[in-house]
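# A look at the structure
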Amino acid sequence: LHLKRLVVGGMDKVYELGRIFRNEGISTRHNPEFTSVEIYQAQADYLDMMILTEQLISSVAQKVLGTMKLTFQGRELDLTPPWPRLTMMAAIKQFAGIDFNEIMTDEAARSVAVERGLAIKPGMLRGEVMNEVFEEFVENQLFQPIFIVDYPLEVSPLAKRKTDDPSMTYRFEAFMACSEIANAFTELNDPLDQRQRFEQQMAKREAGDEEAQMLDEDFLHSLEYGMPPTGGLGIGIDRLVMMLTDSPSIRDVILFPHLRRED
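Residues numbered from 1 in each chain as written. Predicted model: local features only at pLDDT ≥ 70, side-chain atom pairs only at ≥ 80, totals over all residues. Heavy atoms only, no water.

## Some remarks on the packing of helix 3 (residues 88-96) against helix 5 (residues 126-137)
The condition is simple: Angles here are taken between N-to-C directions and fall from 0 to 180 degrees, while the axes themselves are lines fitted to C-alpha atoms, restricted in helices to the stretch in contact. Helix numbers and strand numbers start at the N terminus; a helix is a DSSP run of H or I with at least 4 residues, a strand a run of E with at least 2. Here the angle decides the label: under 35 degrees means roughly parallel, over 145 means roughly antiparallel, 65 to 115 means roughly perpendicular, and every other value means oblique. Handedness of a crossing is defined here by the sense of rotation of the near helix relative to the far one, left-handed for an anticlockwise turn of less than a right angle and right-handed for a clockwise turn. Only heavy atoms matter for contacts: two residues are in contact if any of them lie within 4.5 Å across the pair. Just so you know the grouping, Ala, Val, Leu, Ile, Met, Phe, Trp, Tyr, Cys and Pro go in nonpolar, Asp, Glu, Lys and Arg go in charged, and all remaining residues, Gly too, go in polar.
Packing of helix 3 against helix 5 leaves a shortest axis separation of 10 Å and a crossing angle of 50°. When the axis of helix 3 is compared with that of helix 5, the two are oblique. Considering only the axes of helix 3 and helix 5, their crossing is left-handed. The segment helix 3 lies against helix 5, with Met88, Met89, Ala91, Ile92, Phe95 and Ala96 engaging Arg126, Met130, Asn131, Val133, Phe134 and Phe137. Along the lines of polarity and charge, the residues of the contact of helix 3 with helix 5 split into ten nonpolar, one polar and one charged.

## Some words on the nonpolar core
Cut-off, in case you're wondering: To form a nonpolar core, buried Ala, Val, Leu, Ile, Met, Phe, Trp, Tyr and Cys residues must be joined to one another through side-chain atoms within 4.5 Å. For every residue, the accessible area obtained with a 1.4 Å probe (protein chains only) is divided by the maximum for its type, and the residue is called buried under 20%, exposed over 50%, and partly exposed between those limits.
By size, the foremost hydrophobic cluster in this structure holds 29 residues, and its most contacted members are Leu77, Phe172, Met176, Ile181 and Leu233. Elements with a minimum of two residues in this core: strand 2 (33-42), helix 2 (46-65), strand 3 (69-72), strand 6 (146-152), strand 7 (168-176), strand 8 (179-186), strand 9 (230-236) and helix 8 (237-244). At five residues, helix 2 tops the list of elements feeding residues into this core. Counting residues in each nonpolar core, the second largest holds 26 residues, with Leu86, Ile103, Met124 and Tyr151 among its members.

## Here we look at the packing of aromatic side chains
Here is the rule: Put simply, two rings from Phe, Tyr or Trp (the six-membered ring, in Trp's case) pair if the centres are within 6.5 Å, and we call them stacked under 30 degrees between planes, edge-to-face over 60, tilted for the rest. Any Lys NZ or Arg CZ that is within 6 Å of a ring centre and within 35 degrees of that ring's normal is treated as a charge sitting over the ring.
Scanning the entire structure with this criterion turns up six aromatic pairs. Pairing Phe198 with Phe219 gives two aromatic rings, centres 6.4 Å apart and planes at 65°, and the pair type is edge-to-face. Taken together, the positions of Phe198 in helix 6 (residues 191-206) and Phe219 in helix 7 (residues 217-225) put the pair 21 residues apart, joining distant regions of the chain. What makes Phe198 buried here is its relative accessible area of 0%. Joined through ring pairs, the aromatic side chains of Trp83, Phe147 and Phe172 make up one cluster. The cationic tip of Arg75 hangs over the ring face of Phe143; the distance from NZ or CZ to the ring centre is 3.9 Å. One residue, Arg116, lies across the ring of Phe137, its end atom 4.9 Å from the ring centre.

Taken by themselves, the reported measurements are silent on function.
Below you can see the structure in the form of structure tokens.
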């Protein structure tokens, strides 16, 4: 949000590369402390961010390894642009056999997910269920680089709504080696819509969702001055380095990973 305030202030292109800390779980692909680059560009959208993502990652591979085709855990990973694009809804239909075009209510979505063995919280909304289904049944199928586009509004509080379907947003995540490598939006720049979504997120936080977005009055105030159409992008550096170095665990590419102390 601070970087987007800089865009409001007249910086047309801004990025920050640094260490991030999130109080979340640890796995071979998650570490509480990690490295990320976050990028914002005025007069751009999520389509521009797709081009930037595939060009940036493929050119890094070419520079470091001398090729855009690398081996990760015994399988070839081809980073050569352009990468395919698939909507989240189409990906779920293709890999999980569930058509959310035919599931229009929250209750029906929850029912289908429970039938497929997912632990769905009471009151979970259709878009949230869709995201749960995607994470459970689709992500582990996405080995070659791909953009999954058009995410539900409920899980995208900072992304602009799609004009042809206000229940979805102009958002994508890039996947490779069955792991999310980038996340990007056409940024929401409507202060009234943003306040409403922040308030919805705060209600989720008060109900126990620790990952819900917090309300930021300074950011809302800046949007009232006016933010130009903006594309935003975040890339996980550690996961990218994992793939470039054929490392099976994120701890292999972090100098001082968080570990349990020896007794």
